[in-house]
Every structure is written in C-alpha cells, then in structure tokens.
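Reading the structure
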Amino acid sequence: GDLMKVNPKELPDFNYLIAGFPCQTFSIVGKREGFNDKRGEIIYGLKNILKEKNTPFFIMENVKGLANHEKGKTLKKIIELLEELDYHVEYKILDSLDYGVSQMRERLYIVGIKKELYKKKFNWKFKKSISKIEDFLIDVDNKELDINNETFQKYLSNKYNTGKYNIDELMNNDYLVLDTRQSDLRIYNGKVPTLRTGRHGILYIKNRKIKKLSGYEALLLQGIPKELAEKAKNSETADGVILSQAGNAMTVPVIYEIVKELKKYGEI
C-alpha cells in the first residue's frame, strides 16, 4: 500500500525502523528532483512514524548519489529532519561486495540512535568477507541465450564494441559476467554489477553457454537465505518481478552488520 496513508498510531511497537525511501528522485539515473518529487516526500512519512513510535533505532538506505545531491544540501536537510526527533544521526557509503556477496552495490546507509542511548561513537568498521561468484550463479533452470542471438550479436557489432571482443575467448571464461546496456557491453570478472529494478540484462558464461541472471540468483546476490529465495522461485511470481524486487531490496549481510552494532546500545 501507500506508506503516506499509514496511521502511525495503528502500528505495533518496534525497536528498529529499517527503510529504503525511493532513490529515483535523488539518483543520477533519475531526474534528481529530490524534494520536488512526491516520491521524495516519503522521508516525511517515515519521520511521522518515528515521532509517533519513539523507535530507539533506525536504518535508512539510499543511493550513494544522495550524498552529493544538490551539493549535499538534500542529505543535510534529511539529517536535520531526523535530528529534530532527538536522534544522533550518522551515515556512510558501504559496498555490498565487501560483505559476503558478489555484487557491486554502493549504497548510503543512514543510522539513527536515540540520544539517550548514544554513549559511544558508532563503529562502522564491520568485518569484511570475501565471496565466490560461483556460490550465487547456481540456478540450473535459468535461461540460456544462443550465442547467435540477434540482440546479443548487435551488442558485439555496434559502433562501441566492433572488434573489441572475441566471442570464443569470452566463452572460455566461466562466470564472466556480461552487462548489456542501451548501447554498450560491460564485462566483469568475479562480480555482478548493481542490481536495479529496471536492469534485467545481466548475462554470464558457464560451461561455454551464455546464461541470463535469474530472479533466484538475484535474491542470492542480495544475501537472501537460500530457502527463502527458493520459495520465491517456486512461487507463481514472474521471474521479471522477482528480478525487480531484488533490485529494490537491501543487501541482507550489510543490514545484519549494522543491526549487530546497534544492538550494543541496548534499548529504551
């Protein structure tokens, strides 16, 4: 439903508000309209919930572009809005690639701690972990793309890529990731580019075959536990919808590390 229509008084009590407000209004991908875009106003809906529930902690996530939107004025305004509710507020850009998933995903995380609980500086130095891409690209049912596929061949032969890639050499590299964009083809070794709700053209090489990243694999790349990802895969939900939802999701291991640190502050 519509967050702006939620009556905060009707919500049960809770200790952590974890929210990602729409990034299109602040992202370099969008028009960067910020608070002039109605979607940007969702921050006010979140503020109303925090004010009513007096929640001890919050985590908010957004695109890293928010940090420099309007030369930093937008983020400053958001922090001021949240500080008005008696929170100590900090933020940092973290990359999911550092926390056990093979996805390059730089995101801005904003953390709020009620001032009465804030006794020491928040520790952003989380333990980093290495991931192996082969642990994520495991869907045996996902689609294979014919090497002679007309669309794929257009990517290889357009004015940006002509003579740039040798298809035979590409096919010999298991887990080489191919990102097909509007005009160019980008290649990644051992990692997947940022999952986005509108990006469904990620391919990879496996056993000399080109495979399309599936919704199930996208969920795994967001750190969703395998049993939950399998439940989504086996549901009636279209794969494209799952891919979009994964693109909108937060990376679970990153949120886990932040919450683990927040728990050290106790509760009101």
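Basis of the calculations
- Residues numbered from 1 in each chain as written.
- Predicted model: local features only at pLDDT ≥ 70, side-chain atom pairs only at ≥ 80, totals over all residues.
- Heavy atoms only, no water.
- Buried < 20%, exposed > 50% of the residue type's maximum accessible area, 1.4 Å probe, protein only.
- Helix = DSSP H or I, 4+ residues; strand = E, 2+ residues; numbered from the N terminus.
- Pairing = 2+ DSSP bridges.
- Arc of directions from axis to C-beta.
- Contact = heavy atoms within 4.5 Å.
- Axes fitted to C-alpha atoms, helices over the stretch in contact; angles between N-to-C directions.
- Parallel < 35°, antiparallel > 145°, perpendicular 65-115°, else oblique.
- Left-handed = near helix turned anticlockwise from the far one by under 90°.
- Nonpolar A, V, L, I, M, F, W, Y, C, P; charged D, E, K, R; others polar.

With 7 of 7 residues buried, strand β2 (residues 57-63) lies mostly within the body of the structure. Sheet topology note: the strand β1 (residues 16-20)/β2 ladder contains 5 bridges and is parallel. Within β2, the residue paired with Tyr-16 across the bridge is Phe-57. Relative to strand β4 (residues 106-114), β2 runs antiparallel, the two sharing 7 bridges. Across the sheet, Val-63 pairs through a bridge with Arg-107, a residue of β4.

Residues separated by three or four positions in an α-helix point in the same direction, a consequence of the helix having 3.6 residues per turn. Among all positions of helix α3 (residues 150-157), only Phe-152, Tyr-155 and Leu-156 are buried. Along the long axis of α3, the arc covered by the buried residues comes to 95°, so they all point the same way. Structural note: α3 exposes Glu-150 and Lys-154 on the side pointing more than 90 degrees away from its buried face. Buried positions along α3 lie against β5 (144-145), α4 (167-171), β6 (176-180), β7 (185-189), β8 (202-206) and β9 (209-212).

Consider a sheet: its strands pair through backbone hydrogen bonds, and that pairing is either parallel or antiparallel. Strand order in the open sheet made by the 5 strands is β5-β9-β8-β6-β7, with antiparallel pairing throughout. Of all the strands in the sheet, just β5 and β7 have a single pairing partner and so form its edges.

On the secondary structure map, Lys-47 appears in helix α1 (residues 42-53). Counting along the chain gives 38 residues from Lys-47 to Leu-85, while the straight-line C-alpha distance between them is 8.1 Å. In contact with Lys-47, not counting residues within four places along its chain, are Leu-81, Glu-84 and Leu-85.

At a minimum axis distance of 10 Å, the contact between α1 and helix α2 (residues 73-83) shows a crossing angle of 20°. With respect to their mutual orientation, α1 and α2 come out roughly parallel. Crossing angle aside, the handedness with which α1 passes α2 is right-handed. Between α1 and α2, the residues in contact are Ile-43, Tyr-44, Lys-47 and Leu-50 and Lys-77, Ile-78, Leu-81 and Leu-82, respectively. Residues that form the contact of α1 with α2 fall into these classes: 6 nonpolar, no polar and 2 charged.

In this section: unusual backbone geometry. At Glu-70, a position not held by glycine, the phi torsion is positive, near 55°. Tracing the chain through its elements places Glu-70 in the loop between β2 and α2. Exposure remark for Glu-70: the relative accessible area of 49% places this residue in the partly exposed category. Residues other than glycine seldom take positive phi values, yet Arg-208 does so here, at roughly 60°. Along the polypeptide, Arg-208 turns up in the loop between β8 and β9.

Once that is clear, we can look at the sheet that holds β1. In space, the 4 strands of this open sheet follow the order β1-β2-β4-β3, with mixed pairing throughout. Of all the strands in the sheet, just β1 and β3 (87-95) have a single pairing partner and so form its edges. Averaged over all adjacent pairs, the angle separating strand axes in this sheet is 15°, with direction ignored. Of the strands in this sheet, β2, β3 and β4 are in contact with α2, which crosses β3 at around 140°.

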